Amino acid sequence: MPTLKTNAFYKTAYEIIRFIFPIVTYPYVSRILGPQGIGKVSYAQTIAEYFIIFSLLGIPLYGSREISKSRINPQRFHQVFSELVSLCFILSFLAFFLYSIFIFIFPSIAAERSLHWIFSLTVIFSWANMDWFYQGIENYRYISIRNFIIRLLSLVLIFLIIKKKEDYIVYGLIWVLGTLVSSISNFSYSFKFASLQIKYLKIKDLLNHLIRSLPTMVLSWMGFIYATIDTIMLGAMIQDDKYSVGLYTVAGRIIRIVLSIIISISTVLLPRFSYLSELKDYDHLNDILRKGIYLLMYIAIPCFIGIFCISDNIILIFAGNKFENSIKTLKILSFELIFVSIRSIFSNYLYAISKEKKLVFITISSLLLAIILNALLIPPFKQNGAATATIICMFIESFLLIRASRDIKFHSKEWKILIKIIVVNILFLLGLLILVFSLKQYHLIYSTLLIIFSSIILYLILSIIFRLEPYRILSEWVLAKVKEACQRIKK
């Protein structure tokens, strides 16, 4: 079994690839397509994702946990794999049928019909997008390599084909092709680890998975609606040809680029949490959880401070002057880095120990609050109202998750580490403000790069001075990997 540090390395590499891809393409695409083009593609993509999430009934999350648990029994492992893949196949075709009906019945919502038909391909092939399987067996190496190749090909296509604002449909097609190639690759490669035993399938076993996954299904449905309700309500309530959606999408995408790297740490913990829970090794499980919390805070807090302080530079470089109205939106959404980090690790912990009912209650409560706040704040404040509603809901949700996990006991050592991290970040904030003020007169790109690199060095220096535990863990692991690589080269 790969170590958690190795899993975290490959998962982080996967997210860094996802991070670099938009940084390279988005400044180009946003300037060509404009807020309307970006908004139309984002809206069609979100609608398709609704059908995918609703059709799979929470199986991606449920499947990762069940595959991880079944590893202790090889025969059970192949059986679970076959049952879940078959179930996903049936549900995906049912979703495609419903999606097709939706396009015809609601032409006003699916106004860009050609774009919606393109994204229908992601619905019908969603069964083959088996990242849940590779997460369950903790094979993050394959996911990272596959993602790098597909992203590289997509990048080339974007720069070769996207030339004018009418090319937003082609832009959507490139995204869909990347998803299809990824799905087909996932399904084909899975046979290296498991065999598809269709002849042994029984209807009652498939129904049993459906019944057992019901809490996860509700959790996934409510979680996805909660995560996208701001975009959907913004697009439905503000009639400006998706201009506000485009502004909100750019700010949200920047946050999610950074956030995806941060929460990669908590993502790799779910299969290990599930495995340890099955073994009833709760002491080890809680120890990993505590370390994961202060490691996430060590990374998330400075990222929040950095984005908040230079949000205007980021928007102007990343998207251009047309998206200047999303600067305030990005400042508001930067708080998401802290709250989502907290949510991700505590929700994974509660799910691994089979406390789905608590998660469902918290998620539904947060969703209802999000609908109310978005309805109140979007009409007067548009994209900034949606961002404010999101942050308020996430703050409350984080508080509820921490309360639901109150059986976790923090030792005095962990509290000291968290206090040290907060002190270091206060000093980091002061230093960053001085950097921003000092370099303001220089060229935008030059000053931004200088601020980023200088702030990273500043944070590392502060980590060394205060002897932060997360820094020590990360640095020792990186040095060990470098030594291993050098030894392999010598051999």
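Residues numbered from 1 in each chain as written. Predicted model: local features only at pLDDT ≥ 70, side-chain atom pairs only at ≥ 80, totals over all residues. Heavy atoms only, no water.

### Examining a nonpolar patch on the surface
The following threshold applies: Like charges are joined within 9 Å and nonpolar side chains (Val, Leu, Ile, Met, Phe, Trp, Tyr) within 5 Å, but only among residues with over 30% relative accessible area and no salt bridge; these make up the patches. Note on areas: these come from Shrake-Rupley sampling with a 1.4 Å probe, and a residue is covered only by the protein chains present in the view. The term salt bridge refers to a side-chain nitrogen of Lys or Arg lying within 4 Å of a carboxyl oxygen of Asp or Glu. Think of it this way: any DSSP run of H or I at least four residues long counts as a helix, any run of E at least two long counts as a strand, and we number them from the N terminus.
A contiguous nonpolar patch, built from Leu 94, Phe 97, Leu 98, Ile 101, Phe 104, Ile 105 and Phe 106 and spanning about 690 Å² of accessible area, is present on the exposed surface. Structurally, the position occupied by Ile 101 is in helix H3 (residues 74-105).

### Here we look at empty space enclosed by the protein
Formally: Note on definitions: the grid is 1 Å and covers protein atoms alone; a cavity is a set of points where a 1.4 Å probe fits but cannot get out; a pocket is an open set with protein on both sides within 12 Å along at least five of seven lines; lining residues have an atom within 4 Å of a point. Grid points are joined across faces, edges and corners, and a volume is the space filled by probe spheres set on the points. The classification used treats Ala, Val, Leu, Ile, Met, Phe, Trp, Tyr, Cys and Pro as nonpolar, Asp, Glu, Lys and Arg as charged, and all other residues, Gly among them, as polar.
If you walk through the whole model with that rule in mind, you get two cavities of 30 Å³ or more. Considered as a void within the structure, the second largest cavity measures approximately 40 Å³ in volume. Contributing elements (two or more residues each) for the lining of the second largest cavity: helix H1 (4-55) and helix H7 (168-190). Broken down by element, the residue count for the lining of the second largest cavity peaks at five residues, all from H1. Its residues assigned to classes, the lining of the second largest cavity shows five nonpolar, two polar and one charged.

### Remarks on the packing of aromatic side chains
Quick note on the threshold: Aromatic pairing here means that ring centres of Phe, Tyr or Trp (its six-membered ring) are within 6.5 Å. Orientation follows from the plane angle: under 30 degrees is stacked, over 60 is edge-to-face, and everything else is tilted. The buried label goes to any residue with under 20% of its type's maximum accessible area, the exposed label to any with over 50%, and the partly exposed label to all in between, with areas taken from a 1.4 Å probe on protein chains only. We call a charge positioned over a ring when the NZ of a Lys or the CZ of an Arg lies within 6 Å of the ring centre and within 35 degrees of the ring normal.
The full count for this structure, using the stated rule, is 26 aromatic pairs. The interplanar angle of 55° and the centroid separation of 5.0 Å between the aromatic rings of Phe 81 and Phe 133 together place this pair among those described as tilted. In this pair, Phe 81 sits in helix H3 while Phe 133 sits in helix H5 (residues 131-136), placing the two residues 52 residues apart along the sequence. Judged on exposure class, the residue Phe 81 and its partner Phe 133 are both buried. Among the aromatic residues, those joined into a cluster by ring pairs are Phe 77, Phe 81, Trp 132, Phe 133, Tyr 134, Tyr 142, Tyr 189 and Phe 193. Lying over the aromatic face of Phe 308, Lys 331 brings its terminal NZ or CZ to 4.8 Å of the ring centre.

### Some thoughts on the packing of helix H6 (residues 140-161) against H7
To keep it simple, the criterion reads: In this description, a line fitted to the C-alpha atoms serves as the axis of each element, helices being fitted only across the stretch in contact, and the angle between N-to-C directions of two axes falls anywhere from 0 to 180 degrees. Here the angle decides the label: under 35 degrees means roughly parallel, over 145 means roughly antiparallel, 65 to 115 means roughly perpendicular, and every other value means oblique. We call a crossing left-handed when the near helix sits turned anticlockwise from the far one by less than a right angle, and right-handed when that turn is clockwise. Contacts are assigned to residue pairs that have any heavy atoms within 4.5 Å of one another.
Remark: H6 packs on H7, axes separated minimally by 10 Å, with the N-to-C direction vectors making an angle of 155°. Considering the angle they form, H6 stands roughly antiparallel to H7. By crossing handedness, the relation of H6 to H7 is classed as right-handed. Between H6 and H7, the residues in contact are Tyr 142, Arg 146, Ile 150, Arg 151, Ser 154, Leu 157, Ile 158 and Ile 161 and Val 170, Tyr 171, Ile 174, Trp 175, Gly 178, Val 181, Ser 182, Ser 185, Asn 186 and Tyr 189, respectively. Here the contact of H6 with H7 is built from residues that sort into 11 nonpolar, five polar and two charged.

### A look at the pattern of salt bridges
According to the stated counting rule, one finds eight salt bridges in the structure shown. Lys 164 is the salt-bridge partner of Asp 167, the closest N and O atoms lying 3.5 Å from each other. Classification of Asp 167 by relative accessible area gives buried; the value is 8%. For Lys 164, a relative accessible area of 46% gives the class partly exposed.

### Quick notes on unusual backbone geometry
One non-glycine residue, Lys 382, lies in the positive phi region at around 55°. Position of Lys 382 among the secondary structure elements: in helix H17 (residues 356-404). Judged by its relative accessible area of 39%, Lys 382 falls in the partly exposed class. A positive phi angle, near 50°, is found at Arg 467, a position not held by glycine. Tracing the chain through its elements places Arg 467 in the loop between helix H19 (444-465) and helix H20 (469-490). Of the residues examined, Arg 467 reaches a relative accessible area of 71% and is grouped as exposed.

### Section: the confidence of the model for the chain
Going by this rule: pLDDT expresses how confident the predictor is about each individual residue, on a scale running from 0 to 100.
Scored by pLDDT, the chain has a mean of 83; 89% of the residues are at 70 or more. For the chain, H20 is the element with the lowest average pLDDT, namely 65, and helix H15 (residues 327-333) is the one with the highest, namely 96.

### Overview of the nonpolar core
Here is the rule: We call a set of buried residues a nonpolar core when its members are Ala, Val, Leu, Ile, Met, Phe, Trp, Tyr or Cys and they connect through side-chain atoms within 4.5 Å of each other.
Formed by 145 residues in total, the largest nonpolar core has its most connected members in Ile 67, Phe 133 and Tyr 171. Of all the elements, H17 adds the most residues to this core, at 16 residues. In contact with Ile 67, other than residues within four places in its own chain, are Phe 77, Val 80, Phe 81, Leu 84, Trp 132, Phe 133, Gly 136 and Ile 137.

### Some remarks on the environment of Gly 136
Among the secondary structure elements, Gly 136 is positioned in helix H5. For Gly 136, a relative accessible area of 0% corresponds to the buried category. Along the primary structure Gly 136 and Arg 65 are separated by 71 residues, whereas in three dimensions their C-alpha atoms are 6.3 Å apart.

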